[in-house]
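Coordinate analysis (summary)
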Amino acid sequence: MDNPILTLYQEKINTAKSEIHRLERLINRSSIARLGVILLGGAVIFKVVQTEKVWLTLLAFCLVLLAFMWLVAKQSKFDKLKEDYEDDVMVVQNELDHMNDGDGIYDNGNRFINDKHPYSSDLDLFGQRSLYHKINRTATPVGNDILARWLSNSAVREDVLLRQEAVKELVEDPSWCLDTLARLVFALKEKRDFKSVLINYLSKPYYDFGNKALQLYTKLSPLLIVACFSLSFFFSPVLKIAGFLIAINVFLTLCYARKVTMIAEGIGKTGDLLKRFGRAFGVVENRQWRNKLMHDMLLVGGGNKHDQPAVSKTIKDLGILINKLDYRLNMLVSLFLNGIFLWDFRQVFAIIKWRKSHQYEMAQILGVLSTTEALISIALLKINNSTLGSPSILNVG
């Protein structure tokens, strides 16, 4: 008789590979379409320039630019979906490899080897082809630490029972376990303690950036510039006012460049990573947990509170803000965005506001995610070996 879990794994791999092939075709079409927009758009702009109508030239340029940006965004979406399905294949293939006594893609726990530990060497807990290596499905460094601690440290009976209850629930839903691990594969590729990077950044003292007058001007300046551009079609001298405001914005940007850099440094280009963590936490946060351990951890960590925005959304929001701030790294883009929108100021004010609201809950949130990884690790051992039993913890106190 066929093994149901092997059938599930094969179905998931076949589905993911089919989607990868479909997305590759869409990506190729999008690339050709972008080339077409460049060639056709260039021809249209060339023709329009010959009319010597400034407004028509600007309109044609903006339309071509918008079409190109739309195609770029569309292809970026296809690329991310393709990467998701590739991660799905990697995670499921890892389970098949483990069931065939392969090594898999996760850490083997070498760094936890301790010859002075009373039993870890005798039981071959850590290292190549060890118990930890067999069990581990944690992609984050904190997840590695939690699973290692569970294997090497004693725990009170109540904690063990809570973990067993959580694992039992996860064993009933192998697809959810695999999907969650797939959303965390990026942490395997990153190979750094992202939690420490984020917590250190959020715990830095706030920088004195601007004042209420600057915040108000940052909000009003783009509106004034757009209004001047609009009025210039009817009264051309107003265009000089728009140019003057743009010059002021560029000057302010240069004056505050050092402070913007101080706020941005330390977290690097991690906006995409933050959005991925937010996505992964959203999978955990949106599940209707029945076990007490995960239900209570989410309440403490800030998840599942109906009177507040989803934590996963707030994490992704910070990632988006950091990505937007990174636009400043491109000189031409920065000049355009800051000249009209005071872009850097907008992102910095938003990041400071985010930090004030959420900095203290981030350690707990990332801890919830890492604990989930460790629980899934143990659950998959049972899923892949259905004859394994669960030990009964006697109350001998």
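Located above this text is the structure these notes cover.
Everything numeric in this text was worked out from a predicted model, so none of it was measured. (Residues numbered from 1 in each chain as written. Predicted model: local features only at pLDDT ≥ 70, side-chain atom pairs only at ≥ 80, totals over all residues. Heavy atoms only, no water.)

**Here's the deal with the overall build of the chain**
Across its full length, the chain carries 17 helices and 0 strands. The principal-axis extent of the C-alpha atoms belonging to the chain is close to 90 × 50 × 40 Å. When contacts within the chain are restricted to residue pairs at least 6 apart in sequence, long-range pairs at least 24 apart make up 80% of them. Summed over its atoms, the accessible surface of the chain is roughly 22300 Å², and 62% of this surface lies on carbon and sulfur atoms. Within the chain, one finds 49 positive and 40 negative side-chain charges whose respective centroids are separated by 9 Å. (Helix = DSSP H or I, 4+ residues; strand = E, 2+ residues; numbered from the N terminus. Contact = heavy atoms within 4.5 Å. Areas by Shrake-Rupley, 256 points an atom, 1.4 Å probe, with all protein chains shown as cover. Lys, Arg positive; Asp, Glu negative; His and termini not counted. Charge placed at Lys NZ, Arg CZ, Asp CG, Glu CD.)

**As for the side chain of Asn338**
By secondary structure assignment, the location of Asn338 is in helix 15 (residues 331-341). Relative accessible area serves as the criterion here: at 2%, Asn338 is assigned to the buried category. Residues contacting Asn338, with those up to four places away along its chain left out, are Asn249, Thr253, Trp343 and Asp344. (Buried < 20%, exposed > 50% of the residue type's maximum accessible area, 1.4 Å probe, protein only.)

**Section: the side chain of Thr140**
Counting through the fold element by element, Thr140 comes out in the loop between helix 3 (131-135) and helix 4 (141-152). The exposure class of Thr140 is buried, given its relative accessible area of 6%. Those residues in contact with Thr140 that lie beyond four places of it in its chain are Ala187, Phe277, Ser370 and Glu373.

**Structural notes on the packing of helix 9 (residues 212-231) against helix 10 (residues 238-255)**
The relative placement of two packed helices is expressed as an angle between their axes plus a distance between the axes. Running from N to C, helix 9 and helix 10 point in directions that differ by 150°, and their axes come no closer than 8 Å. Of the possible angle classes, the one that applies to helix 9 and helix 10 is roughly antiparallel. Along this stretch, helix 9 crosses helix 10, giving a crossing that reads as left-handed. Between helix 9, through Leu214, Tyr217, Ser221, Leu224, Ile225, Cys228, Phe229 and Leu231, and helix 10, the contact on the second element is made entirely by Val238, Leu239, Ile241, Ala242, Leu245, Ile246, Ile248, Asn249 and Leu252. Split into classes, the residues belonging to the contact of helix 9 with helix 10 amount to 15 nonpolar, 2 polar and no charged. (Axes fitted to C-alpha atoms, helices over the stretch in contact; angles between N-to-C directions. Parallel < 35°, antiparallel > 145°, perpendicular 65-115°, else oblique. Left-handed = near helix turned anticlockwise from the far one by under 90°. Nonpolar A, V, L, I, M, F, W, Y, C, P; charged D, E, K, R; others polar.)

**Here's the deal with the packing of aromatic side chains**
Two aromatic rings are characterised by how far apart their centres lie and by the angle between their planes. On inspection of all chains with the given rule, the structure shows 7 aromatic pairs. The interplanar angle of 15° and the centroid separation of 5.7 Å between the aromatic rings of Tyr327 and Trp343 together place this pair among those described as stacked. On the criterion of sequence distance, the pair formed by Tyr327 in the loop between helix 14 (311-325) and helix 15 and Trp343 in helix 16 (residues 343-358) is long-range, its members being 16 residues apart. When its relative accessible area of 40% is taken as the criterion, Tyr327 is described as partly exposed. By way of ring pairs, the aromatic residues Phe112, Phe126 and Tyr132 are connected into one cluster. Directly above the ring of Trp176 sits Arg287, whose terminal nitrogen or CZ lies 4.8 Å from the centroid. Positioned over the ring face of Trp289 is Arg287, at 5.0 Å from the centre of the ring. (Phe/Tyr/Trp six-rings, centres within 6.5 Å; stacked < 30°, edge-to-face > 60°. Lys NZ or Arg CZ within 6 Å of the ring centre and 35° of its normal.)

**With respect to the layout of surface pockets**
Remark: the empty space left among the atoms is shown by a probe the size of a water molecule rolled over them. What the largest pocket holds in volume is close to 1100 Å³. In terms of lining residues, the largest pocket is bounded by 22 residues, among which Leu58, Phe61, Cys62, Phe336 and Ile340 are the most central. Elements with a contribution of two residues or more to the lining of the largest pocket: helix 2 (54-99), helix 9 and helix 15. Looking at the lining of the largest pocket element by element, the count peaks at 9 residues for helix 2. In the lining of the largest pocket, the residues fall into 19 nonpolar, 3 polar and no charged. (1 Å grid on protein atoms, 1.4 Å probe; cavity = no way out; pocket = protein on both sides within 12 Å on 5 of 7 lines; lining within 4 Å. Points joined across faces, edges and corners; volume = space filled by probe spheres on them.)

**Remarks on empty space enclosed by the protein**
A complete count under the given rule lists 2 cavities of 30 Å³ or more for this structure. Looking at the largest cavity, its volume works out to about 110 Å³. In this structure, the largest cavity is lined by 14 residues; those nearest its centre are Thr140, Pro141, Phe194, Lys195 and Phe277. Elements supplying a minimum of two residues to the lining of the largest cavity: helix 4, helix 7 (185-190), helix 8 (194-202), helix 12 (271-285) and helix 17 (362-384). Broken down by element, the lining of the largest cavity gets its largest block of residues, 3 residues, from helix 7. Looking at the lining of the largest cavity residue by residue, the classes come out as 8 nonpolar, 2 polar and 4 charged. Within this model, the second largest cavity holds a volume of roughly 60 Å³. The wall of the second largest cavity is formed by Asp84, Asp87, Ala182, Arg183, Leu184, Val185, Phe186, Arg276 and Arg279. Secondary-structure elements contributing two or more residues to the lining of the second largest cavity are helix 2, helix 7 and helix 12.

That is the geometry; function is a separate question.
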